[in-house]
Amino acid sequence: MRTRLSDHVRERLGTFGLMAPSIVQCAVGAALAWIVAVDLLGHARPFFAPISVLICVGVGLGQRLRRVAELVVGVSLGVGVGDLLVSWIGSGPWQLALVVGLAMAVALLLNGGALFVAQAGSSAVLVATLLPGENAGGLDRMADALTGGVIGVAAVALMPASPFTIAAKHLSGVLDALSTVLEQAAEAIEKRDVDLAAEALDEARTTQAAVEEFAMALETSKEITMISPLHWHRRAALARYETAAVPVDLALRNARVMVRRTLAALGEASPPPTALAEAMREVSEAALLLQLELAAGRDPLLARQALLAVAGRERPERLGFSAHVIIAQLRSIAVDLLQATGLEHEEASQALTPLDEPQAG
């Protein structure tokens, strides 16, 4: 129980460290947006200027730049349409329905994106209910929203989170998950333990969430290097993570199949030999080595060498059907990880011992 609690605390602290730059961006950007709207635009209560910063920076994490732009323009559209209409027709239930309907209809005709339309409608609701435009001009709040959006994007560009740190943290989670699954399967084979194999399979089935989070984090990192001059020099290192993204996903998918077959094999009369456990551990260690080398910002040459050594090893002899399936999946995982190190698929496949090669006797 104490171990789980400490792991949870470390995970929360790690997440805070990752998100801290975004918190600073929101706080500083909101204050700057308020100052610009009050001092430069002359608006007495520019509510939507800091709100747009929070929407842009907070919701924009993990989204594509186009979606961030849709978000900001959607806010501005909803505020503009809502404020203009409320200033003419006042506030009330039917006015709310009309304002929201028109804002969403205009947004749908202009763009059609779900985020764009929803943001226009919700911004119109705020104007029509919380902030009826009694003392502000019809376009004032629209200008506030646009101001906040521009400052929010500038905050991301000038005070960015490290794109390399974001990508490294999330790929680390994926490769840790892969390594854990392989280690658990290896231990299950060595101990002939069906329960351990079942635990490994349960662990493997939870790994897709980590892959999806990594894909989102990689998009965020690429966006930061695109808009922030402070991190243009990170593009080469980040390219290694782009190279690894799809192969690592495939490796985890193959690991799920392998562990499922391992569980089945342990219930058969001829369980898989312990030599397979050794090979699994070597691939597991290579995955961690890949993680360390990428995090250090260098080409994963040591991980590639380790994987090539596993791929070129001769297969055990006199294997049952399930063991052959396990080996086939482990070979696929090795090829996937070799591609993650930068090898082309053909080159990685050629590194494998041919299936028709005579086995050691």
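As a reminder, the structure under discussion sits directly above these lines.
Since this is a predicted model, take the numbers as computed values, not measurements. (Residues numbered from 1 in each chain as written. Predicted model: local features only at pLDDT ≥ 70, side-chain atom pairs only at ≥ 80, totals over all residues. Heavy atoms only, no water.)

To continue, consider the overall build of the protein chain. A count of helices and strands for the protein chain gives 14 helices and 0 strands. Here the protein chain holds 361 residues, and the buried ones make up 45% of them. Residue pairs at least 24 apart in sequence account for 77% of intrachain contacts in the protein chain once pairs closer than 6 positions are excluded. As presented, the protein chain carries roughly 17700 Å² of accessible surface, and 62% of it is formed by carbon and sulfur atoms. (Helix = DSSP H or I, 4+ residues; strand = E, 2+ residues; numbered from the N terminus. Buried < 20%, exposed > 50% of the residue type's maximum accessible area, 1.4 Å probe, protein only. Contact = heavy atoms within 4.5 Å. Areas by Shrake-Rupley, 256 points an atom, 1.4 Å probe, with all protein chains shown as cover.)

Because each turn of an α-helix spans 3.6 residues, side chains separated by three or four positions in sequence point in the same direction. Under the 1.5 Å per step criterion, the end-to-end length of helix H13 (residues 321-340) is 29 Å for 20 residues, consistent within 8% with the ideal 28 Å. Looking one or two residues beyond H13, the residue adopting positive phi is glycine 342, at roughly 115°. (Expected span 1.5 Å × (residues − 1).)

As a further point, take the pattern of salt bridges. Two side chains that carry opposite charge are able to pair once their charged atoms sit near each other. Counted according to the given criterion, the structure contains 8 salt bridges. Residues glutamate 219 and lysine 222 are paired through a salt bridge, measuring 3.4 Å at the closest nitrogen-oxygen approach. Taken as a pair, glutamate 219 and lysine 222 lie in helix H9 (residues 208-227) at a separation of 3 residues, close to a single helical turn. Judged by relative accessible area, which is 26%, glutamate 219 ranks as partly exposed. Sharing partners across several salt bridges, the network here consists of Glu183, Glu190 and Arg281. (Salt bridge = Lys/Arg side-chain N within 4 Å of Asp/Glu carboxyl O.)

Our next topic: the side chain of serine 179. Summarising the element assignment, serine 179 is placed in helix H7 (residues 163-191). Given a relative accessible area of 5%, serine 179 falls into the buried group. Apart from residues lying up to four places away in sequence, serine 179 is in contact with Ser284 and Leu288.

The biggest cluster of nonpolar side chains holds 55 residues, and the ones touching the most others in it are Leu171, Leu178, Tyr241, Met258, Ile333 and Leu337. Broken down by secondary-structure element, the contributors of at least two residues to this core are H7, helix H8 (194-205), H9, helix H10 (235-265), helix H11 (274-295), helix H12 (301-311) and H13. Apart from residues no more than four positions distant in its own chain, tyrosine 241 is found in contact with Phe164, Ala167, Ala168, Leu171, Phe214, Leu218, Leu294 and Ala295. Core analysis: the next-biggest nonpolar cluster, separate from the first, contains 18 residues, Val86, Val99, Phe116 and Ala120 among them. (Core = buried A, V, L, I, M, F, W, Y, C linked by side-chain atoms within 4.5 Å.)

A surface patch of nonpolar side chains, about 410 Å² in accessible area, is lined by Val24, Val28, Leu32, Trp34 and Ile35. Counting through the fold element by element, isoleucine 35 comes out in helix H1 (residues 2-40). (Patch = residues over 30% accessible without salt bridge, like charges linked within 9 Å, V, L, I, M, F, W, Y side chains within 5 Å.)

Now for unusual backbone geometry. Positive phi, close to 55°, is recorded for arginine 192, a residue that is not glycine. Structurally, the position occupied by arginine 192 is in the loop between H7 and H8.

Let us look at the environment of histidine 170. Here histidine 170 shows up in helix H7. Classification of histidine 170 as buried rests on a relative accessible area of 18%. Linking histidine 170 and alanine 210, residues 40 residues apart in sequence, is a C-alpha distance of 7.3 Å.

Time to look at the side chain of threonine 147. Inspection of the secondary structure assignment puts threonine 147 in helix H6 (residues 140-158). In this view, threonine 147 contacts Ala33, Val36 and Leu41; residues no more than four positions away in its chain are not counted.

The subject of this paragraph is the environment of leucine 196. Topologically, leucine 196 is positioned in helix H8. By relative accessible area, which is 17% here, leucine 196 ends up buried. Beyond its immediate chain neighbours, meaning those up to four positions away, leucine 196 contacts Glu187, Ala188 and Lys191.

For the pair H8 and H10, the least separation of the axes is 9 Å and the interaxial angle reads 160°. When the axis of H8 is compared with that of H10, the two are roughly antiparallel. With respect to the hand of their crossing, H8 and H10 are arranged in left-handed fashion. Counting all contacts with H8, which are made through Val194, Ala197, Ala198, Ala200, Leu201, Ala204 and Arg205, the residues of H10 involved are Arg256, Val259, Arg260 and Leu263. (Axes fitted to C-alpha atoms, helices over the stretch in contact; angles between N-to-C directions. Parallel < 35°, antiparallel > 145°, perpendicular 65-115°, else oblique. Left-handed = near helix turned anticlockwise from the far one by under 90°.)

Let us look at the packing of H9 against H10. Interaxial distance between H9 and H10 falls to 10 Å at its minimum, and their mutual angle equals 165°. In terms of orientation, H9 lies roughly antiparallel with respect to H10. Where H9 crosses over H10, the two elements pack in a sense that is left-handed. Every residue of H10 that contacts H9 at Gln208, Val211, Phe214, Leu218, Ser221, Lys222, Thr225 and Met226 is listed here: Arg235, Leu238, Tyr241, Glu242, Ala245, Asp249, Leu252, Arg253 and Arg256. Across the contact of H9 with H10, the residue classes tally to 8 nonpolar, 3 polar and 6 charged. (Nonpolar A, V, L, I, M, F, W, Y, C, P; charged D, E, K, R; others polar.)

Taken by themselves, the reported measurements are silent on function.
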